[in-house]
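Structural characterization, general
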Amino acid sequence: MLLQKKSQMNYLVTGGSGFIGSHLIEQLLQNGHSVINIDNFDDFYSYHIKIKNTLESIQHFSEFDFTNKKEDDIQKLISISQSGYYKLYYQDIRDKKGLESIFKNHTIDLVIHLAALAGVRPSIERPLEYEEVNIRGTMNLWELCKDFGIKKFICASSSSVYGNSKKSPFTETDNVDTPISPYAATKKCGEVLGHVYHDLHHIDMVQLRFFTVYGPRQRPDLAIHKFTQLISEDKEIPFYGDGTTARDYTYIDDIIDGITKSIHYIESNHNVYEIINLGENQVINLNEMLSTIESNLGKTAIKKNLPMQPGDVQKTNADITKAKALIGYKPDTNFQNGIKKFVEWFLRK
Ligand SMILES: CC(=O)N[C@H]1[C@@H](OP(=O)(O)OP(=O)(O)OC[C@H]2O[C@@H](n3ccc(=O)[nH]c3=O)[C@H](O)[C@@H]2O)O[C@H](CO)[C@H](O)[C@@H]1O
């Protein structure tokens, strides 16, 4: 269980049972802070994975006996995870009343908002739900920050806001008026509305543009995890396009470094509104990504070639000059090492 350390700050993390959130909470707790986790255990992927993420984030390593009744399992998780330093709320950010009772019960120094409906391609099927969660849900949090006087907010944005920009690498001052998926548009909208709350209500804000994050606990729908799973089961992988689409894949430890440095930055400065790219500034195409996984697994993929998917951008590449200069961001995981660590985790889990 948790180390009982002196608490320094009270952080509210939304989406704290997800991939990035659970790593962040683990780090914050290890640094002696108190954390409130709000997560709705959305069925975008199995709640079992989110329960395991949560337990790992609080360093609870005993077996969890799943009843396979979601509500019961989550209640059990809540009862074993609560401590003086960690509180888990099974709560949807669309439900403002529910959120309000949490804000009433706690003194919160800073919100780190990671909860979202993620995934570019599913957003084309369910655009209204993406709007409800990613825009209205986010506004609910800002409304409550306004009402409860919470002045520090870090928000997850995405490299997808750059759309099919031909300019490379992408800098924060580039025009991002041409997103190509509902998901990307909701993230851009979050940046814009966030500025309104900063300007009108003096909420200091950092918007982090994450570039396709991977590593242990990666979401199972993201290509690196999905390919690794399918190859290991000798199943076909859906391979979109001709293999030339490319991403600035970012290792989870570097993202956590970027978030914790953003926390330090926002806590030490006033009147802040910043958009910051968090990537590696390293472009890997789909062919290279696949061959790196294959060589780490010691297996060859069975490829099912499919057309490029609507909403998918051709290439991403983060200019991280601003992140380095402003917050001291220092990513240091190259793709080969990152995949090696990911596959080791995958084979262990
Ligand atoms: C450029 C962009 O929008 N990036 C965002 C997007 O990740 P991505 O869409 O970049 O991540 P992904 O892992 O889904 O896809 C990576 C690469 O794999 C390809 N692929 C994917 C799945 C599959 O079954 N077969 C296949 O070939 C896909 O075409 C792409 O070239 O969404 C994430 C959240 O969900 C983050 O917000 C990323 O910043």
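Since the structure is predicted, the reported quantities are computational estimates derived from the model, not experimental observations.

Parameters at a glance
Residues numbered from 1 in each chain as written. Predicted model: local features only at pLDDT ≥ 70, side-chain atom pairs only at ≥ 80, totals over all residues. Heavy atoms only, no water. Helix = DSSP H or I, 4+ residues; strand = E, 2+ residues; numbered from the N terminus. Buried < 20%, exposed > 50% of the residue type's maximum accessible area, 1.4 Å probe, protein only. Contact = heavy atoms within 4.5 Å. Near = heavy atom within 4 Å. Polar contact = N/O pair within 3.5 Å; in protein donor to acceptor, adjacent residues only side chain to side chain. Areas by Shrake-Rupley, 256 points an atom, 1.4 Å probe, with all protein chains shown as cover. Nonpolar A, V, L, I, M, F, W, Y, C, P; charged D, E, K, R; others polar. UniProt positions renumbered as here; feature names shortened; annotations may be inferred. Expected span 1.5 Å × (residues − 1). Core = buried A, V, L, I, M, F, W, Y, C linked by side-chain atoms within 4.5 Å.

**Structural notes on the side chain of Thr245**
- As for its placement among the helices and strands, Thr245 is situated in the loop between strand E8 (236-240) and strand E9 (246-247).
- Residue Thr245 is classed as buried on the basis of its relative accessible area of 11%.
- Sequence-distant contacts of Thr245, defined by excluding residues within four places in its chain, comprise Ile284, Asn285, Leu286, Met308, Val313 and Gln314.

**Looking at the site of the ligand**
- Not every one of the 25 residues close to the ligand is listed here, only the nearest: Arg121, Tyr183, Lys226, Arg247 and Asp312.
- In this structure, an oxygen atom belonging to the ligand sits 3.0 Å away from a side-chain N or O atom of Arg219.
- Note that a nitrogen atom of the ligand is positioned 2.7 Å from one of the backbone N or O atoms of Pro238.
- Contact with the protein chains hides 96% of the accessible area of the ligand, taken as 750 Å² for the molecule alone.
- A per-class count over the shell around the ligand returns 13 nonpolar, 7 polar and 5 charged.

**Examining the environment of Gln207**
- Checked against the element boundaries, Gln207 lands in strand E6 (residues 204-210).
- Remark: the alpha-carbon pair of Gln207 and Lys187, spanning 20 residues in sequence, is separated by 9.8 Å.

**Details of the UniProt feature "domain: NAD-dependent epimerase/dehydratase" (unreviewed entry) in the protein**
- In the numbering adopted here, UniProt assigns the feature "domain: NAD-dependent epimerase/dehydratase" (unreviewed entry) to residues 12-279.
- Counted over residues 12-279, helix gives 45% and strand 18%. Its end C-alpha atoms are 24 Å apart.

**Examining helix H7 (residues 182-201)**
- A rise of 1.5 Å per residue sets the reference length of H7, with its 20 residues, at 28 Å; its end C-alpha atoms lie 27 Å apart and thus fit the reference within 8%.
- Along H7, the residues classified as buried are Tyr183, Ala184, Thr186, Lys187, Lys188, Gly190, Glu191, Gly194, Tyr197 and His198.
- Backbone geometry just downstream of H7 places His202 in the positive-phi region, at approximately 60°.

**Quick word on the nonpolar core**
- Counting residues in each nonpolar core, the largest one holds 72 residues, and the members touching the most others are Ile20, Ile112, Phe210 and Ile259.
- Counting residues per element, this core draws most heavily on helix H9 (residues 252-268), at 7 residues.
- Core analysis: the second largest hydrophobic core is formed by 28 residues, Ile38, Ile93, Cys155 and Ile203 among them.

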